[in-house]
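Structural characterization, general
Here are the chains, one letter per residue:
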Amino acid sequence: MKQEDSAIFMKGIVILTISSIITKILSAIYRVPFQNIVGDIGFYIYQQVYPLYGIVIALATSGFPVVISRLVAERRASGEKDYRSLMKMIFIVLLSIALFLFFLIYIGAHEIAQSMGDKRLSPLIQTVAFSFLFLPIISTVRGFFQGHGEMIPTAFSQVLEQTVRVAGILLFSFFMVKGGFSLYTTGKAAIIGSVCGGLVSCIVLITFFYKTNKYNHLSNAIEWRELLRISRILLFEGTAICISAILLVLFQLIDSLNLLSLLRESGISSNDAKTIKGIYDRGQPFLQLGTVVATSFALTLVPIITDEYKRGQRILLEEKVQLALKVSTIVGAGATIGLINLIEPANTMLFENKSGSSVLAVFSLSILFSTAILTMTGIFQGFGYVYFPAIYVGIGVILKYFTNEWFVPHFGTMGASISTVLSLFVITVLFLMKLRKLKFHAISFPFYGKVIVGLGLMTLVLRGWLYIFTSCGVVSRKLSIIEALGGVLIGGIVYLLAILYLNVLTENEWNLIPFGRKLFAIRKKIWRDKYET
């Protein structure tokens, strides 16, 4: 029976992982056509407000459902089959939180817009506030199903929510721009499209919930002592998990709060500052896509790490932790250096011109550090550590705010990029120090040496590839598509072959990661003689 439960759990993890990857990819790529529709200023308007919506998504996806699923699983393990009182208490707590956040943001929209340096954002912020009203239903129902090991309702609602959201944003913005409406009105319409996604998710989850026949009108009486316990767990653990999950959103929020004002104070006109901020925001899709690709490989090892931790298998546990860090380093470093090399054609391909490429190149270093942070956060949460990852993220966010204040007046958006990279680096170091404190050994230097060699070979090939296009003397968006996508393909193949040839990972390590067996089989075919010796 235990093996059956474990199999169901692992299947659920796979389903959730796939749906999470799909939603994150959708979240990254829609920004490209959206920016093409509304331009840099329109993109700035949306990105200023987006972090508030990102917080809702994190609370409803990574924060509260994780804690609720544990509460449901505990009651299930105790043999209790009546969940009515538990679900009712959870819903009451989340409804109270949601109403508080709704009124706080709706009523305080003017003050928030002022702190962002743009009073015209107030209606958009008020529109975002309505998304908090969906939080109790989405979180409660997702947590209920996840606690029973049923991941399909969560996965289906996530993908459908994101699909509707992306379609709504793009369609509404397209017709608003075509109709001659202002960019601020267009931005509000895009936010309404996002809110529609939350509404659809609610409808889907309620449908799943009622079909289970487990609700029985939720008429049980409230146990007040239990209500206080649940409130404490949801508020503290849910918030801690959420903070760890929204690292990148919080960094975006800091930029929304002070970057525009700092640019203005440095002598840049209001309109130019908005355009510059919009160009700087182009870095978000690059960061999201790079992080998704890297963490999707590394985080597949987290359930295995959690299992080894529970069994007390220290040697195996350390091997799996090191492997997760190695994979995140390999993929994160490859994505980072590859993007830095290809940033100009990629910028032109996606956003019509190469404006801000140097700023985006520095910003791309965020991929490496954010990948490491998200991987280590998953590892520590698998160990049962919830609070200190949130504390480390909080330290990084505070550092981001003050380094923005120091760097932006002197270096503009380049200063904001440096601030982001520096803050993420500090968080990464804090996590690594914690691993050392828990007696986990550092990865050996030969590993890093081999990765650097692979990155160097990829860079040499990409510089040669870019030189071909530079020597032509022709610059166009169509040509940049071939230059960027061709570079991704060629650079990726060279880097992968270098990683395989240099034995960066052992055969056993390749077998534990997605597609690893096939990749190692390719290695044995290409370098059969080397492998046999």
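Shown above is the structure to which this text applies.
Computed from a predicted model, the values in this text were never measured in an experiment.

Structural notes on the environment of S182
- Following the sequence through the fold, S182 ends up in the loop between helix 7 (152-178) and helix 8 (183-211).
- Owing to a relative accessible area of 33%, S182 belongs among the partly exposed residues under this scheme.
- A sequence separation of 144 residues divides S182 from V38, and the C-alpha atoms of the two residues are 9.9 Å apart.
- Among the polar contacts made by the side chain of S182, one reaches the side chain of T185 at a distance of 2.9 Å.

Points about helix 19 (residues 445-472)
- Over its 28 residues, helix 19 runs 41 Å from end to end, which matches the ideal 40 Å to within 8%, given 1.5 Å per residue.
- Along helix 19, the residues that are buried comprise F447, V451, G454, L455, M458, L462, W465, L466 and F469.
- Here the buried face of helix 19 lies against helix 14 (314-351) and helix 20 (477-501).

Structural notes on the pattern of salt bridges
- Within this structure, the stated rule accounts for six salt bridges.
- The salt bridge partner of K400 is D255, with a shortest N-O separation of 3.0 Å. Here K400, found in helix 17 (residues 387-411), pairs with D255, found in helix 10 (residues 247-265); they are 145 residues apart in sequence, far enough to count as distant.
- Looking at D255, the relative accessible area reads 3%, which means it is buried.

Some points on the packing of aromatic side chains
- Evaluated as defined, the whole model comprises 29 aromatic pairs.
- Judged by centre distance (5.0 Å) and plane angle (90°), the ring pair of F144 and F209 falls under edge-to-face. Taken as a pair, F144 in helix 6 (residues 135-147) and F209 in helix 8 lie far apart in primary sequence, 65 residues in all.
- Using a relative accessible area of 1% as the deciding quantity, one classes F144 as buried.
- For F209, a relative accessible area of 9% translates into the label buried.

Quick look at the nonpolar core
- By size, the foremost hydrophobic cluster in this structure holds 143 residues, and its most contacted members are L121, I125, L234 and V321.
- Top element by residues in this core is helix 2 (residues 31-77). It accounts for 21 residues.
- If near-sequence neighbours (up to four positions away) are discounted, I125 is found in contact with V49, L52, I105, A109, I112, A113 and M116.

Let's talk about the side chain of T428
- Inspection of the secondary structure puts T428 in helix 18 (residues 413-437).
- A polar contact is formed between the side chain of T428 and the backbone oxygen of L424, at a distance of 2.8 Å.
- The residues touching T428, leaving out its near neighbours within four places in the chain, are F369, A372, I373 and M376.

Digging into the layout of surface pockets
- Its boundaries defined by the atoms lining it, the second largest pocket holds a volume of some 1,100 Å³.
- Contributing elements (two or more residues each) for the lining of the second largest pocket: helix 12 (283-298), helix 14, helix 19 and helix 20.
- For the lining of the second largest pocket, the class distribution of residues is 32 nonpolar, six polar and no charged.

Topic: unusual backbone geometry
- Positive phi outside glycine occurs at E352, with the angle close to 80°.
- Here E352 is to be found in the loop between helix 14 and helix 15 (357-363).
- By relative accessible area, which is 43% here, E352 ends up partly exposed.
- Not every positive phi belongs to a glycine, and K439 is a case in point at roughly 70°.
- When you line up the elements, K439 lands in the loop between helix 18 and helix 19.

Regarding helix 7
- Taking 1.5 Å as the rise per residue, helix 7 with 27 residues should run 39 Å; its terminal C-alpha atoms sit 38 Å apart, in good agreement.
- Of the residues flanking the end of helix 7, it is G180, one or two places downstream, whose phi is positive at about 85°.

Digging into empty space enclosed by the protein
- Taken as a whole, this structure holds two cavities of 30 Å³ or more when the rule is applied.
- Looking at the largest cavity, the residues that line it are Y53, V56, I57, A60, T61, S131, F134, L135, I138, R142, E161 and G198.
- Mapped by element, the contributors of at least two residues to the lining of the largest cavity are helix 2 and helix 6.
- Among the elements that make up the lining of the largest cavity, the one with the highest residue count is helix 2 (five residues).
- Partitioned by chemical class, the residues of the lining of the largest cavity number seven nonpolar, three polar and two charged.
- Estimates place the volume of the second largest cavity at around 60 Å³.

Quick look at the packing of helix 17 against helix 18
- Two elements in contact, helix 17 and helix 18, have axes whose closest approach is 7 Å; the angle formed by their N-to-C orientations is 155°. As the angle between them shows, helix 17 and helix 18 are arranged roughly antiparallel. In terms of crossing hand, the pair formed by helix 17 and helix 18 is right-handed.
- Of the residues that constitute the contact of helix 17 with helix 18, the class distribution is 17 nonpolar, eight polar and two charged.

A look at a nonpolar patch on the surface
- Among the surface-exposed residues, F91, L95, L99, F103, Y106, I107, F130 and L133 lie close enough to one another that they form a single nonpolar patch of about 680 Å² accessible area.
- Mapped onto the fold, L95 is located in helix 3 (residues 84-107).

Describing the environment of S419
- Mapping S419 onto the fold places it in helix 18.
- When neighbours within four sequence positions are excluded, S419 is seen to be in contact with K400, T403, N404 and F407.
- At 3.2 Å, the side chain of S419 forms a polar contact with the backbone oxygen of K400.

Let's talk about the packing of helix 10 against helix 18
- Running from N to C, helix 10 and helix 18 cross one another at 150°; their axes reach a closest spacing of 11 Å. Considering the angle they form, helix 10 stands roughly antiparallel to helix 18. Judged by the twist between their axes, the crossing of helix 10 over helix 18 is right-handed. Across the interface between the two elements, L247, F251, D255, L259 and L263 of helix 10 pack against T413, A416, T420, S423, L424 and I427 of helix 18.

A closer look at the side chain of S173
- Mapping S173 onto the fold places it in helix 7.
- Leaving out residues up to four positions away in the same chain, S173 has contacts with F34, I37, V38, G168 and T186.

Examining the environment of V200
- On the secondary structure map, V200 appears in helix 8.
- A residue is classified by how much of its surface remains accessible, and V200, at 22% relative accessible area, is partly exposed.
- Sequence separation between V200 and F134 is 66 residues; the distance between their C-alpha atoms is 9.9 Å.
- Setting aside residues up to four positions removed in sequence, V200 forms contacts with L160 and V164.

Thresholds, definitions, all that
- Along each chain, numbering runs from 1 in the same order as the chain's sequence is written.
- Note on the predicted model: pLDDT of at least 70 is required for a residue's local features to be given, and 80 or more for side-chain atom pairs to be given and counted; whole-chain, interface and lining totals, by contrast, use all residues.
- The basis for every side-chain value is the complete set of non-hydrogen atoms in the structure, without hydrogens or water.
- Helix numbers and strand numbers start at the N terminus; a helix is a DSSP run of H or I with at least 4 residues, a strand a run of E with at least 2.
- Whether a residue is buried, partly exposed or exposed follows from its accessible area with a 1.4 Å probe, protein chains only, as a fraction of its type maximum: under 20%, in between, or over 50%, in that order.
- Polar contacts, as counted here, are pairs of nitrogen or oxygen atoms within 3.5 Å of one another; within protein the pair requires one atom able to donate a hydrogen and one able to accept it, and residues that are adjacent in sequence qualify only if both atoms are side-chain atoms.
- An expected span of 1.5 Å times one less than the residue number is assigned to each helix.
- Whether two residues are in contact is decided by their heavy atoms: any pair within 4.5 Å suffices.
- Put simply, a salt bridge is a Lys or Arg side-chain nitrogen that is within 4 Å of an Asp or Glu carboxyl oxygen.
- Pairs were defined over the aromatic rings of Phe, Tyr and Trp, the Trp ring being its six-membered one, requiring ring centres within 6.5 Å. Orientation was assigned from the angle between planes: stacked under 30 degrees, edge-to-face over 60, tilted for the rest.
- Put simply, a nonpolar core is a bunch of buried Ala, Val, Leu, Ile, Met, Phe, Trp, Tyr and Cys residues held in one set by side-chain atoms that sit within 4.5 Å of each other.
- Within this scheme a cavity is a closed region of a 1 Å grid, computed over the protein atoms alone, that accommodates a 1.4 Å probe without allowing it to escape, whereas a pocket is open but has protein on both sides within 12 Å along at least five of seven lines; lining residues each have an atom within 4 Å of a point.
- Grid points are joined across faces, edges and corners, and a volume is the space filled by probe spheres set on the points.
- Residues are grouped as follows: Ala, Val, Leu, Ile, Met, Phe, Trp, Tyr, Cys and Pro are nonpolar; Asp, Glu, Lys and Arg are charged; every other residue, Gly included, is polar.
- Lines fitted to C-alpha atoms define the axes here, with helix axes fitted over just the stretch in contact, and angles between the N-to-C directions of these axes take values from 0 to 180 degrees.
- Angles below 35 degrees are treated as roughly parallel, those above 145 as roughly antiparallel, those between 65 and 115 as roughly perpendicular, and all remaining angles as oblique.
- Whether a crossing is left-handed or right-handed is set by the direction in which the near helix is turned from the far one by less than a right angle, anticlockwise for left-handed and clockwise for right-handed.
- A patch consists of residues whose relative accessible area exceeds 30% and which take part in no salt bridge; residues with like charges are grouped when within 9 Å of each other, and nonpolar side chains (Val, Leu, Ile, Met, Phe, Trp, Tyr) when within 5 Å.
- Values of accessible area rely on a 1.4 Å probe in the Shrake-Rupley scheme; residue burial ignores everything except the protein chains shown.

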